[in-house]
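So the chains spell out like this:
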Amino acid sequence: MSAWEWFFAIIGLVAFVMAVSPYIWGRPKLDISFEVKTVNQCEVLYCLIQNIPIKSKMLDWLNIYRRQVDDLVVDFDISKWTDKGIQKISPLFRAKLKTQQGQEAERISLPASKFPAGFPVVAYDKIKGVAFTMGTMEADKDIWLKGGVFRIEIRINYGARVKTILKDFIIASSPRYIRLGEQNESEQ
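Residues numbered from 1 in each chain as written. Predicted model: local features only at pLDDT ≥ 70, side-chain atom pairs only at ≥ 80, totals over all residues. Heavy atoms only, no water.

Draft legend 1. Spotlight on the nonpolar core. With 32 residues, the main nonpolar core has I49, L72, F119, V122, I154 and I156 as its most contacted residues. The set of elements that each furnish at least two residues to this core consists of β1 (30–39), β2 (42–51), β3 (69–82), β8 (107–110), β9 (117–125), β12 (148–158) and β13 (161–172). Setting aside its immediate chain neighbours within four residues, I49 contacts L30, D31, I32, L72, V74, L97, L110, P116, A117, F119 and I156. Counting residues in hydrophobic clusters, the runner-up holds five residues, among them C42, V44, A123 and F132. (Core = buried A, V, L, I, M, F, W, Y, C linked by side-chain atoms within 4.5 Å. Buried < 20%, exposed > 50% of the residue type's maximum accessible area, 1.4 Å probe, protein only. Helix = DSSP H or I, 4+ residues; strand = E, 2+ residues; numbered from the N terminus. Contact = heavy atoms within 4.5 Å.)

Here it is as structure tokens:
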């Protein structure tokens, strides 16, 4: 092969890599985490969802960025561990997601950013000693939880994908607190 053929072969390879790379490295990559925050006299269990930005200097140099999730919808329900196994205790809730910009909706767009979107799952009033789901945001429709071990099942729908997360948590009566347990994830 001549020098020109090599030159055009390398140019073609670079063009191919640049054309294909956003489909490989630019897909949305969701990270789901949980944290307990104290708000007034309550401990609130929050679910946080982040579309992790690309951190590679080389991909940044090639101008490849993680794509935005255009239609993110989150459903969740809560189950309780009993002697007979796990039993569902709540209906399926549609989460009201809140972004860093203050947008709150059941369907959101989530850009690649270090700032997550989130929603409250359970609140535990430490003074009254009661815990309740925060799925409806309407006090008369929320489900009251007594102490025990619970599991939240979260289904995140974005595009044609569904990501399922199972997260165990404990509500203790004495002393009064919420503690986080294991987390399992699967994607379809």
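Draft legend 2. View of the packing of aromatic side chains. Under the defined criterion, the tally for this structure stands at six aromatic pairs. Centre to centre, the rings of F76 and F93 are 5.4 Å apart; their planes meet at 45 degrees, and the pair counts as tilted. Of this pair, F76 sits in strand β3 while F93 sits in strand β5 (residues 93–94); the two residues are 17 residues apart in sequence, bridging distant segments of the chain. With a relative accessible area of 1%, F76 lands in the buried category. Its relative accessible area of 5% is what places F93 among the buried residues. Grouped by ring-pair contacts, the aromatic residues W4, F7 and F8 constitute a single cluster. A cation over a ring is seen here: K37 above Y46, with NZ or CZ 5.3 Å from the ring centre. (Phe/Tyr/Trp six-rings, centres within 6.5 Å; stacked < 30°, edge-to-face > 60°. Lys NZ or Arg CZ within 6 Å of the ring centre and 35° of its normal.)

Draft legend 3. Here's a closer look at the pairing of β8. Residues I108 and L110 point to one face of β8 and are all buried, whereas R107 and S109, pointing to the other face, are not buried. In the sheet, β3 pairs with β8 via three bridges, with the strands oriented antiparallel. Following the sheet pairing, V69 is matched in β8 by L110. (Pairing = 2+ DSSP bridges.)

Draft legend 4. The layout of surface pockets, seen in detail. Put simply, the largest pocket is a space of about 310 Å³. Together, 15 residues line the largest pocket, and K37, Y46, L48, K98 and G118 are the ones closest to its centre. When the residues that make up the lining of the largest pocket are grouped by side-chain class, the tally is seven nonpolar, three polar and five charged. In terms of lining, the second largest pocket is formed by R27, P28, R67, Q68, V69, D70, D71, Y158, G159, A160 and R161. Ranked by residues supplied to the lining of the second largest pocket, first place goes to β3 with three residues. (1 Å grid on protein atoms, 1.4 Å probe; cavity = no way out; pocket = protein on both sides within 12 Å on 5 of 7 lines; lining within 4 Å. Points joined across faces, edges and corners; volume = space filled by probe spheres on them. Nonpolar A, V, L, I, M, F, W, Y, C, P; charged D, E, K, R; others polar.)

Draft legend 5. Inspection of the pattern of salt bridges at higher detail. According to the stated counting rule, one finds ten salt bridges in the structure shown. R151 is paired through a salt bridge with D168; the nearest N and O atoms lie 3.0 Å apart. Placement of R151 in strand β12 and of D168 in strand β13 is noted, with a sequence separation of 17 residues between them. Residue D168 is classed as buried on the basis of its relative accessible area, which comes to 15%. In the salt-bridge network here, residues are joined through shared partners; they are D77, K88, E153 and R155. (Salt bridge = Lys/Arg side-chain N within 4 Å of Asp/Glu carboxyl O.)

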